[in-house]
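# Observations on the three-dimensional arrangement
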Amino acid sequence: MTHRRARTAVTGLAALLAGLCAPTSASATPAASASSSSAAAPTVEEQRLDRAVPQEILRRSGFDTVAPEFARALDGARSYAQAERIAVRQGGRLWTRAVDRAQGRGPAGGDLSRDDDRPLYWARLGMTREVRGWEPRFELSASQRTQLLGELERASRGQDSLRFPQRDKGVKRILVTGFDPFTLDRDVRISNPSGATALALDGTVIRTAEGLARVETAVFPVRWQDFAEGTVERTLRKQLPRVDLFATVSQGRVGRFDIERTNGAWRGGFADNDTVGRTGTIPVTDPATQPQWTTTTLPYADIVAAETGRFPVYDNTSVTEIPAGGTAAVVRPDGPTPGSTARAGGGGDYLSNEIAYRATLLRDRLGLGSSLPGGHVHTPVLQFGAGNTDPATGTVTDPEFVRNRLDIIAQVRTIVTVAVDAADPDTSTAADSGAASGTGRTRG
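Residues numbered from 1 in each chain as written. Predicted model: local features only at pLDDT ≥ 70, side-chain atom pairs only at ≥ 80, totals over all residues. Heavy atoms only, no water.

So, about the environment of Glu153. Relative to the helices and strands, Glu153 resides in helix α6 (residues 142-156). Glu153 sits in the buried class, given a relative accessible area of 12%. Taking the C-alpha atoms as reference points, Glu153 and Gly91, separated by 62 residues in sequence, lie 7.1 Å from one another. For Glu153, the residues in contact, after removing those within four places along its chain, are Arg124, Thr128 and Arg223. (Helix = DSSP H or I, 4+ residues; strand = E, 2+ residues; numbered from the N terminus. Buried < 20%, exposed > 50% of the residue type's maximum accessible area, 1.4 Å probe, protein only. Contact = heavy atoms within 4.5 Å.)

Written out as structure tokens, the structure reads:
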């Protein structure tokens, strides 16, 4: 999910998909209001729900009942505290239901393949639209409505249910994040393989050469404002000191994985899921100490050298910078030069670069940079089959589409396994030479 990378044309499915916490306006305890706030209009993102494709995805997965059931529960609330409990409980149930479906537990609910991340996305939007338009029987302030939305978002994204075993259990702890679908006005059928990976891996245990490893996951929105309000730091701050490795994941280029070496402190302005663009330095706390660049501590050389799946994996070292003393942006295939100003990391200048920058900056500000392997992985673009490339006439799924998504999920799992093994101090590390470099730029 990166901007200003080579705009590789993909017929039908766009190639565009993909410090401590900044001030968080939605995290404060809401105050009571003297009068009830009026219902809010649906967002641009929520308005897409009324299109035929989202409705078909919800119906063919059985998730079409989620928003109506939530609305009935919400209408029964007699106080803000009760409404908050309903939002958290129902949001958590949605996340659990999506994870269970992806991992083969319980009924499929329809003929849509279980690995599909889109039912979670569209069902969540149905729920948030209900909150936005809700007119309760008690006074509800604007800040309380915003707080309800925040609680629902966090619960339904797995952000508040990250549970790792104690260190004395001898199990490694791995954190993986994904993203919602995006560029939906180009093709509303779009799925994001990073979100599908998060659902497939959440709570699973993988076997590594060093023993067992527990994977916990969360999904993030494709919205600039949420990132400015600290959703990444709020979710990861307590987790990073507890984990043995983390990987932020998003969709990148066609036909390849990229391990992004360097992340830049710049927003390039490409429109998000609410059709809002933001350009400028990534907003974080303590900007006086904010670096222009952060770097991966994933063992990229070992990952690139391993056989992880059918897609090639590259160590991507390219960035775009304004050199020290200069005014024009230039591409640097081998990484930034001293004193330069960021204009794009290896992962571009969109929200995939931003989550990588925020997560690795948080790692460094917590004093974990030398000991915690972590960084960004870009997956291949998830493509439909050759005969299903027209968004206007194509179907919402096809066998090749499902195969591509399953192969990407499996390869991310293998990449994580390789990374856990390689990050052990007794094995090879990212400092080893021999990684293949990829210097092209993508969006993810």
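The next subject is unusual backbone geometry. A positive phi angle is found at Thr183, which is not glycine, with a value near 55°. Following the sequence through the fold, Thr183 ends up in the loop between β1 (172-179) and α7 (193-201). You can call Thr183 buried: its relative accessible area is 11%. The phi angle at Thr275 is positive, at roughly 60°, despite the residue not being glycine. Classification of Thr275 by relative accessible area gives partly exposed; the value is 45%.

What follows covers helix α12 (residues 399-423). Every α-helical turn comprises 3.6 residues, leaving residues that sit three or four positions apart pointing alike. The end-to-end C-alpha separation of α12 is 36 Å, in line with the 36 Å expected for 25 residues at 1.5 Å each. Put simply, Asp398 is the residue that caps the front of α12, since its side-chain oxygen is 3.0 Å from the backbone nitrogen of Glu400. (Expected span 1.5 Å × (residues − 1). Polar contact = N/O pair within 3.5 Å; in protein donor to acceptor, adjacent residues only side chain to side chain.)

On average, residues of the protein score 90 in pLDDT, and 87% of them are at 70 or above. Per-residue pLDDT stays below 50 along residues 2-35; that stretch engages in 136 contacts with residues further than four places along the chain or on separate chains. For the stretch residues 427-444, pLDDT sits under 50, and the model shows 84 contacts to residues farther than four places along the chain or on other chains. (pLDDT = per-residue confidence, 0-100.)

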